[in-house]
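Below are the chains, spelled out letter by letter.
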Amino acid sequence: MKSTDMNKRADQAPTSCALDSASASRPVASRERRYGYLDCLRGAVPAPKDGPGGALFLLLMVGGMVTIMTTFNGVRHSGISFFLTSHWLYPLSYCIAVALKLGFANRVAGFIAGRWIRPHLRGAALNVAMAALNVSIMAPLMCAVVTLLLQGPDGALAVIAAEAPLSVAVAIAVNLLVVGPTVRLLYHNVILPATGVRLVGIVQRAATTWAGIFTG
């Protein structure tokens, strides 16, 4: 009996070791890479382009940029009273920004980047160039939107011409140093590992959350 038990244990040992080895290797293979802030600055953190991940990434990027830049442009126009009298501008600017991004800006940026930026640049240089390209398209448009909504068409052209260069410069810095890294780290280090295939539900909730964050 003892001999039989020992033989059984001997037969099972390699199988058990193989299973342990296989199970130990699976988490390593499936573990998502965790990125850091410097990875974002070096351009080593990919941005999802298509599907639910791409949609969620766009919603978060636009939400962050609209929140900061609408505040910047609004305070420059109206002072601190902007927060008391014009907070309605946040959800409206967000909806306009998403429409512009999907209907116009992404196509123009994709056309330019595909021909003159992506074939020639890599890493941090590509990251800076893409941020500057996207912001240079969106920031003047959103500066015009905020100006027109706050003061109307009278004298708006002069205000836009005076404010747009500073708005573009600030928006590039905000995109590169604040919103871009924050959204990339949030997406890759928190959302993607925790949700996986449930990104569709997150996209649906995010679309309403950002639009109503200042109205609730």
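Placed above this text is the structure.
Residues numbered from 1 in each chain as written. Predicted model: local features only at pLDDT ≥ 70, side-chain atom pairs only at ≥ 80, totals over all residues. Heavy atoms only, no water.

**Student:** Where do I start with the packing of aromatic side chains in this structure?
**Tutor:** Two descriptors summarise a pair of aromatic rings, namely the distance from one centre to the other and the angle between the planes of the rings. According to the stated counting rule, one finds four aromatic pairs in the structure shown. Ring geometry for Phe57 versus Tyr187: centroids 6.2 Å apart, planes at 90°, classification edge-to-face. Placement of the pair is Phe57 in helix 3 (residues 51–78) and Tyr187 in helix 7 (residues 156–195), with a sequence separation of 130 residues. Neither residue differs from the other here; Phe57 and Tyr187 are each classed as buried. Their ring planes at 75° and their centres at 6.0 Å tell us that Phe111 and Trp116 sit as a pair that is edge-to-face. (Phe/Tyr/Trp six-rings, centres within 6.5 Å; stacked < 30°, edge-to-face > 60°. Helix = DSSP H or I, 4+ residues; strand = E, 2+ residues; numbered from the N terminus. Buried < 20%, exposed > 50% of the residue type's maximum accessible area, 1.4 Å probe, protein only.)

**Student:** What am I meant to see in the packing of helix 3 against helix 7 here?
**Tutor:** The relative placement of two packed helices is expressed as an angle between their axes plus a distance between the axes. Between helix 3 and helix 7, whose axes approach to 9 Å, the crossing angle comes to 145°. Pair helix 3 / helix 7 crosses with right-handed handedness. Each residue belonging to the contact of helix 3 with helix 7 can be placed in one class, and the counts come to 18 nonpolar, six polar and three charged. (Axes fitted to C-alpha atoms, helices over the stretch in contact; angles between N-to-C directions. Left-handed = near helix turned anticlockwise from the far one by under 90°. Nonpolar A, V, L, I, M, F, W, Y, C, P; charged D, E, K, R; others polar.)

**Student:** Teacher, can you tell me more about the pattern of salt bridges here?
**Tutor:** Inspection of every chain in the model, using the stated rule, returns two salt bridges. Put simply, Arg76 and Glu163 hold a salt bridge, and the shortest N to O gap is 2.7 Å. Residue Arg76 is located in helix 3, and its partner Glu163 is located in helix 7; the two are separated by 87 residues in the primary sequence. Assessed through its relative accessible area of 45%, Arg76 is described here as partly exposed. (Salt bridge = Lys/Arg side-chain N within 4 Å of Asp/Glu carboxyl O.)

**Student:** It is not clear to me how a nonpolar patch on the surface should be interpreted in this structure. Could you clarify?
**Tutor:** On the surface, a nonpolar cluster with roughly 440 Å² of combined accessible area is contributed by Tyr37, Leu38, Ile68, Leu177 and Val178. One can find Leu38 in helix 2 (residues 37–41). For Leu38, a relative accessible area of 55% corresponds to the exposed category. (Patch = residues over 30% accessible without salt bridge, like charges linked within 9 Å, V, L, I, M, F, W, Y side chains within 5 Å. Areas by Shrake-Rupley, 256 points an atom, 1.4 Å probe, with all protein chains shown as cover.)

**Student:** Where do I start with the nonpolar core in this structure?
**Tutor:** Nonpolar side chains in soluble globular proteins tend to end up buried together. Membership of the largest hydrophobic core comes to 19 residues, with the highest contact counts inside it found for Val62, Tyr94, Ala97, Ile117, Met130 and Leu133. Mapped by element, the contributors of at least two residues to this core are helix 3, helix 5 (89–117) and helix 6 (123–151). Sorting elements by how many residues they give to this core places helix 6 first, with eight residues. With residues up to four places along the chain from it excluded, the contact list for Ala97 reads Val62, Val66, Met138 and Met142. Among the nonpolar cores identified, the runner-up in size contains 16 residues, and Met61, Val135, Val179 and Tyr187 belong to it. (Core = buried A, V, L, I, M, F, W, Y, C linked by side-chain atoms within 4.5 Å. Contact = heavy atoms within 4.5 Å.)

**Student:** Help me understand helix 3 in this model?
**Tutor:** Side chains three or four residues apart in an α-helix point the same way, a direct result of the helix having 3.6 residues per turn. The first and last C-alpha atoms of helix 3 sit 39 Å apart over 28 residues, in line with the 40 Å expected at 1.5 Å per residue. Once helix 3 ends, the next one or two residues include Gly79, with phi positive near 80°. (Expected span 1.5 Å × (residues − 1).)

**Student:** Hey, could you run me through the side chain of Asn73 in this one?
**Tutor:** Here Asn73 lies in helix 3. Here Ser167 takes part through its side chain, which lies 3.5 Å from a polar atom of the side chain of Asn73. Dropping the residues within four chain positions of it, Asn73 is found in contact with Cys143, Val146 and Ser167. (Polar contact = N/O pair within 3.5 Å; in protein donor to acceptor, adjacent residues only side chain to side chain.)

**Student:** Is there a simple way to think about the side chain of Thr147 in this case?
**Tutor:** With respect to the secondary-structure elements, Thr147 resides in helix 6. Since its relative accessible area comes to 5%, Thr147 is described here as buried. Separated by 2.8 Å, the side chain of Thr147 and the backbone oxygen of Cys143 make a polar contact. Dropping the residues within four chain positions of it, Thr147 is found in contact with Gly152, Ala156, Val159 and Ile160.

**Student:** Where do I start with the environment of Leu149 in this structure?
**Tutor:** Within the fold, Leu149 resides in helix 6. A relative accessible area of 33% means that Leu149 is categorised as partly exposed. As for Leu149 and Leu89, which are separated by 60 residues in sequence, their C-alpha atoms are 8.0 Å apart. Setting aside chain neighbours within four positions, we find Leu149 in contact with Trp88, Leu89, Leu92 and Ile96.

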